[in-house]
Amino acid sequence: MNTIWLGFSQKLLKVDRYIKKSFTYQAIEKTFAIILPFIIIGSLSMALSSSVFSKQGFFNQIYDISSWLPYEEVIKKVLEIINTVTMNFIAIMTAFLSAKYMTRSFKKDEQIAGFTGAIGMLVLNYNLASFTSDSNQETFLMQDLGIRGIFISLILGVFVGYIFKWFSPRNKQEKVDQYTFISRGVGGLLPLAIVLGILIGLTLLASMINQMGVNGLFYSLFRLTEMKSKHLIITILFLAFFNSILSGVGISGPLGIMQGGLDDTSIVSNLSYALKHGTSFGVPFPISIHTIYDSFGSFGGTGMTMSLIIAILVASKNKNSRKIAKFSIIPSLVNINFPLMFGLPIILNPILMIPFIISPLVSMIIGYFFIYFKWMPPAVYNLPRTTPAPLMAFLGTNGHWSALFVSGIVLVVTVLIYIPFVKLNNQAALIDGGDLNEK
């Protein structure tokens with residue numbers, strides 16, 4: 001077994017090293033490093049706002065915070081401001097930085113390229129419906145300028161970098177005078193015009209199909225709510241598998257964007273049965289997205305990243321990884337994992353993507369067998385999305401202790417899955433010159 005793991009880990013390290021040597025990855029890595037503090041601050045404000053200061057938040061509902069905390073509305077507004085200026089515009093920052101660093105690798109004008117990327121992101125998310133005289137719609141599709149727009153902004157940044165590589169004039173040693181600055185500006189005209197022309201064309205084309213913009217049209221491809229299978233567990237496992245792969249490359253997968261879909265009927269039917277009979281044993285839909293994925297497949301967010309935090313704190317000696325893990329604890333409790341996704345990063349990391357994909361599948365299979373053999377009831381009660389994930393099954397079964405026991409098993413097993421890959425990621429960081437300090 002050790003021989004198999006050794007051979008596999010060495011091949012994985014080679015793949016990791018190959019990816020990290022590319023200009024594209026290096027530009028993306030530098031981009032993530034710059035946006036990380038904004039992601040951390042935004043995630044913390046989002047976690048507090050959604051779980052403590054929102055009336056639908058888990059801790060607000062438990063402790064009725066809105067009724068007794070002084071200046072609760074003021075605090076909530078402050079958190080919303082922080083969240084807006086960080087997370088809600090992060091895609092524009094990402095487009096600027098990825099275009100800047102991509103163009104730098106080609107030794108072209110990175111500043112003009114960066115602004116081209118940022119403006120290009122606004123063009124792609126221009127709401128053409130706002131042109132209508134009777135419309136009160138916003139000028140930009142704001143939902144796609146935040147985290148949801150990260151993938152498109154990275155692609156845009158790479159695209160802008162190559163346009164500047166192909167169409168910018170060659171750099172020449174010139175005397176630093178007023179003509180140098182003029183020639184620099186003129187040199188950026190052609191690549192800027194090409195980028196704007198292509199992006200405006202894409203925006204107009206997308207508007208002929210729907211009003212969601214290029215980004216929204218792209219994400220509509222992943223709304224797999226109509227998928228069905230004779231054995232529903234197969235569908236759920238496939239959705240979770242697909243969801244993790246997409247999240248691992250920076251795309252919000254089907255389980256992140258679907259609106260109800262597979263679960264609408266089952267949630268209502270199960271809840272009605274449980275309220276009538278006083279138990280969720282025997283509900284008509286024991287296997288569903290809610291009873292399997294929500295209850296056991298997303299501790300800390302997509303990829304069971306709560307388990308990754310524990311694995312890092314237990315087994316990692318990498319100073320930077322441990323810092324990111326500590327910053328991620330509070331957001332992870334309410335199932336927000338953005339600091340881990342962009343800080344380690346998990347996105348485009350071939351080493352961490354493997355347990356990121358495997359862990360939810362294993363955890364859901366464990367939960368499925370306990371429900372299938374009726375060793376525990378399925379979780380049917382609706383809970384806030386900010387409920388700490390290990391408590392989701394327990395509270396969703398109205399406090400059945402077997403559900404808490406299974407959640408504990410799932411957490412331990414997935415931590416054990418992550419540990420060898422965390423150690424391997426440490427080794428890769430050491431090879432890359434990372435800081436692998438002892439505690």
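Residues numbered from 1 in each chain as written. Predicted model: local features only at pLDDT ≥ 70, side-chain atom pairs only at ≥ 80, totals over all residues. Heavy atoms only, no water.

Counting its regular elements, the chain contains 21 helices and 0 strands. Across the 439 residues of the chain, 49% fall into the buried class. In the chain, the share of contacts with a sequence separation of at least 24, taken over all contacts with a separation of at least 6, comes to 72%. (Helix = DSSP H or I, 4+ residues; strand = E, 2+ residues; numbered from the N terminus. Buried < 20%, exposed > 50% of the residue type's maximum accessible area, 1.4 Å probe, protein only. Contact = heavy atoms within 4.5 Å.)

In this model helix α19 (residues 350-372) runs 34 Å from its N-terminal to its C-terminal C-alpha over 23 residues, within 8% of the 33 Å that 1.5 Å per residue would give. Backbone nitrogen of I351 and a side-chain oxygen of the N-cap are separated by 3.0 Å at the start of α19; the cap is N349. Of the residues one or two after α19, K374 is the one with positive phi, at around 60 degrees. (Expected span 1.5 Å × (residues − 1). Polar contact = N/O pair within 3.5 Å; in protein donor to acceptor, adjacent residues only side chain to side chain.)

The subject of this paragraph is the packing of α19 against helix α21 (residues 401-431). Contact geometry for α19 and α21: axes closest at 9 Å, N-to-C directions at 165 degrees. If you check the angle between α19 and α21, you find them roughly antiparallel. In the packing of α19 onto α21, the handedness of the crossing is right-handed. Counted together, I351, L352, I354, P355, F356, I358, S359, V362, S363, I366, G367 and F370 of α19 and V406, I409, V410, V413, T414, I417, Y418, F421, L424, N425 and A428 of α21 form the full contact between these two elements. (Axes fitted to C-alpha atoms, helices over the stretch in contact; angles between N-to-C directions. Parallel < 35°, antiparallel > 145°, perpendicular 65-115°, else oblique. Left-handed = near helix turned anticlockwise from the far one by under 90°.)

A few words on the environment of I357. Inspection of the secondary structure puts I357 in helix α19. Distance from I357 to L246, taken between C-alpha atoms, is 9.9 Å for residues 111 residues apart in sequence. Apart from residues lying up to four places away in sequence, I357 is in contact with F241, S244 and I245.

This part covers a nonpolar patch on the surface. Together, I365, F369, Y372, F373 and W375 make up an exposed nonpolar region whose accessible area comes to about 540 Å². Tracing the backbone shows Y372 in helix α19. (Patch = residues over 30% accessible without salt bridge, like charges linked within 9 Å, V, L, I, M, F, W, Y side chains within 5 Å. Areas by Shrake-Rupley, 256 points an atom, 1.4 Å probe, with all protein chains shown as cover. Salt bridge = Lys/Arg side-chain N within 4 Å of Asp/Glu carboxyl O.)

The residue V195 is located in helix α10 (residues 189-209) in this model. Under the relative-accessibility criterion, V195 is labelled buried at 0%. Counting along the chain gives 75 residues from V195 to G120, while the straight-line C-alpha distance between them is 7.3 Å. Discounting residues that sit within four places of it in the chain, V195 has contacts with T116, F159, V160 and I163.

Counting 39 residues, the largest nonpolar core has L308, F342, L344 and I346 as the members making the most contacts within it. Counting only elements with at least two residues in this core, the list comes to α2 (23-51), α6 (90-105), α8 (150-167), α16 (305-315), α17 (319-333), α18 (338-343), α19 and α21. Considering every element that reaches this core, the biggest residue donor is α2, with 8 residues. Apart from the residues within four sequence positions on either side, L308 is in contact with L340, L344, I346, L352, Y418 and V422. Counting 26 residues, the second largest nonpolar core, distinct from the first, contains F299, M306, M376 and V410. (Core = buried A, V, L, I, M, F, W, Y, C linked by side-chain atoms within 4.5 Å.)

Now for the pattern of salt bridges. Across all of its chains, the model carries 5 salt bridges by this definition. The residue R148 makes a salt bridge to D144 at a minimum N-O spacing of 2.7 Å. A salt bridge links D294 to R385; its shortest N-O distance comes to 3.4 Å. With a gap of 91 residues between them, D294 in helix α15 (residues 289-296) and R385 in the loop between α19 and α20 (392-396) connect regions that are remote in the sequence. Overall, R385 belongs to the exposed group, its relative accessible area being 58%. Among the ionic contacts, a cluster of salt bridges with common partners joins K100, R104 and E110.

What follows concerns α17. Every α-helix winds through 3.6 residues per turn, so residues three or four apart in the chain are directed the same way. When the terminal C-alpha atoms of α17 are compared, their 22 Å separation across 15 residues agrees well with the 21 Å that a helix rising 1.5 Å per residue should span. The largest bend along α17 measures about 35 degrees and falls at F327, with the proline P331 one to four residues further on. Inspection of α17 places S321, R322, I324, A325, S328, P331 and S332 among the buried residues, and these make up the whole buried set. Where α17 is buried, its residues contact α2, α16 and α18. Between a side-chain oxygen at the N-terminus of α17 and the backbone nitrogen of N320 the separation is 3.0 Å; the capping residue is N318. Immediately beyond the C-terminal end of α17, within one or two residues, lies N335, with a positive phi of roughly 70 degrees. (Bend = angle between axes of the 7 residues up to and from the residue.)

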